[in-house]
Amino acid sequence: MVGDSSVTQEDVLAVEEPLEIRVGGRSLAVTMRTPGNDYDLAAGFLVSEGVITRGEHFSTVRYCAGATDEGPNTYNVLDVTLSPGVAPPDPSLERSFYTTSSCGLCGKASIDAVRTQSAYDVRDDSLRVDAGLLTTFPEKLRAEQAVFEKTGGLHAAALFDGVSAKMLVLREDVGRHNAVDKVVGWALKEDRLPLRGTVLMVSGRASFELTQKAMMAGIPVLAAVSAPSSLAAEFATEVGMTLVGFLRGSSMVIYAGGERVVGTQVRVREGSAA
């Protein structure tokens, strides 16, 4: 505390390292991420970019050989092989520079490339989520954040069954977009896409990129403990997704798709730019 004598001690920090994702030997993107569940991250990233939509499209993935002058493998380069007949990524998807841990859209070559066409339509998803169950998700998410407990420096994303409230998977990362890609990649490898009837819960704010990633995986409900952006709210309304923000304690604010949240009085707010 300010005014007290200083103390020197070791601290545990969240790891942040680059990961290069290649497809068929050709570099697609470099992202800053927390090592762990890298195969899920690569698979989810390809779903988010619209390259693949089914588990059968994802053939194999491997770490490439050493990337240092001394020779040891840094495990920071992945090469994905797509299944026969699956088209390789369009050259327009290649990122012109690396993606930071705070920006999943960095490196897109054009404004048009920011929006991605999904193979799934969430508008007709019949899921109805009990508001009482929804309010339990943040606590469940926080309870399973093992690395955050040690470092205080990681985002998390978890996928819940929208009816039973069972947590299906949780992933952590320094980048919120990476945490979501890891969740989606897990689902792809488990052949669960589209993720109808599910809720994606994120530990921070709900940005446009997270809303788009949820849409690309066919997730009908995105919930966040913090605020959404205006573009996230507009996009969720446009595609028929339910977007919940400020999900804390027994309260929440619904910015889009309020008809899916049932069981009690909830506050519905129209998203608008400040």
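Our subject is the structure listed above.
Because the structure is predicted, anything quoted here is derived from the model rather than measured.

Draft legend 1. Geometry of the sheet that holds strand E3 (residues 58-63). In space, the 4 strands of this open sheet follow the order E2-E1-E4-E3, with mixed pairing throughout. The two strands at the open ends of the sheet, each matched to only one other strand, are strand E2 (26-33) and E3. Along the sheet, successive strands turn relative to each other by an average axial angle of 25 degrees, direction set aside. Both strand E1 (residues 17-23) and E2 contribute to a ladder of 7 bridges, which runs antiparallel. Across the sheet, Pro18 pairs through a bridge with Met32, a residue of E2. Contacting E1, E2, E3 and strand E4 (77-82), helix H1 (residues 38-48) runs over the sheet at an angle of about 135 degrees to E3.

Draft legend 2. Structural view of the nonpolar core. In terms of nonpolar packing, the biggest core is built from 56 residues, with Leu46, Ile52, Leu200 and Leu243 touching the most fellow members. At 7 residues, helix H5 (residues 176-189) tops the list of elements feeding residues into this core. Leu141, Leu170, Val221 and Met252 belong to the second-largest nonpolar core, a separate cluster that totals 21 residues.

Draft legend 3. Representation of the packing of aromatic side chains. Scanning all chains against the criterion turns up 4 aromatic pairs. When the ring of Tyr39 is compared with that of Tyr63, the centres are 5.5 Å apart and the planes differ by 40 degrees; the resulting orientation is tilted. Pair noted here: Tyr39 is in helix H1 and Tyr63 is in strand E3, with a separation of 24 residues, a long-range link. Every member of this aromatic cluster is reached through a ring pair, and the members are Tyr39, Tyr63 and Tyr75.

Draft legend 4. Expanded view of the environment of Ser203. Relative to the helices and strands, Ser203 is located in the loop between strand E8 (198-202) and helix H6 (208-216). Linking Ser203 and Arg176, residues 27 residues apart in sequence, is a C-alpha distance of 8.1 Å. Setting aside residues up to four positions removed in sequence, Ser203 forms contacts with Leu141, Gln145, His155, Ala156 and Val225. At 2.9 Å, the side chain of Ser203 forms a polar contact with the backbone nitrogen of Ala156.

Draft legend 5. Inspection of the pairing of strand E10 (residues 242-248) at higher detail. Here E10 lies mainly inside the structure; 5 of its 7 residues are buried. With 3 bridges connecting them, strand E9 (residues 221-224) and E10 associate as parallel partners. Bridging from a neighbouring strand, Ala223 pairs with Val244 of E10. In this fold, E9 hands off to helix H7 (residues 230-239), which returns the chain to E10; that crossover is right-handed. Relative to strand E11 (residues 251-256), E10 runs antiparallel, the two being bridged by 4 bridges. Residue pairing in the sheet places Arg248 in a bridge with Ser251 of E11. Counting the residues between successive antiparallel strands, the hairpin from E10 to E11 contains 2 residues, one of them, Gly249, with a positive phi of roughly 60 degrees.

Draft legend 6. Seen up close, the pairing of strand E6 (residues 155-161). Of all 7 residues in E6, 5 are buried; the element is thus mostly enclosed. Taken together, the 6 bridges between E6 and strand E7 (residues 167-173) define a ladder with antiparallel strand orientation. Looking at the pairing, Leu159 lines up with Val169 of E7. Linkage of E6 to E7, two consecutive antiparallel strands, is achieved through a turn of 5 residues, within which Ala165 is found at a positive phi near 70 degrees.

Conventions adopted
- Along each chain, the written sequence defines residue order, and numbers are assigned to residues from 1.
- Local features are withheld for residues below a pLDDT of 70 in this predicted model, meaning they are given only at 70 or higher, and side-chain atom pairs are given and counted only at 80 or more; totals for whole chains, interfaces and linings count all residues.
- Side-chain metrics rest on all non-hydrogen atoms present in the structure, leaving aside hydrogens and water.
- When DSSP locates at least two bridges between a pair of strands, those strands are taken to pair.
- Each helix is a run of H or I in the DSSP string that is no shorter than four residues. Each strand is a run of E no shorter than two, and both are numbered from the N terminus.
- Here, axes are lines fitted to C-alpha atoms. For helices the fit covers the stretch in contact, and angles between N-to-C directions go from 0 to 180 degrees.
- In this analysis, two residues are considered to be in contact whenever any of their non-hydrogen atoms come within 4.5 Å of each other.
- For the purposes of this section, nonpolar cores are sets of buried Ala, Val, Leu, Ile, Met, Phe, Trp, Tyr and Cys residues that join through side-chain atoms within 4.5 Å.
- Working definition: with a 1.4 Å probe on protein chains only, accessible area under 20% of the residue-type maximum means buried, over 50% means exposed, and in between means partly exposed.
- Each Phe, Tyr or Trp ring, with Trp reduced to its six-membered ring, pairs with another whose centre is within 6.5 Å; inter-plane angles below 30 degrees give stacked pairs, above 60 give edge-to-face pairs, and intermediate values give tilted ones.
- Throughout this description, a polar contact denotes any pair of N or O atoms lying within 3.5 Å of each other; where both atoms belong to protein, one of them has to be capable of donating a hydrogen while the other can accept it, and for residues adjacent in sequence the pair is counted only when both atoms sit in side chains.
- Note on handedness: a crossover is taken as right-handed if, strands pointing away from the viewer, the path from the first strand over the helix to the second is clockwise.

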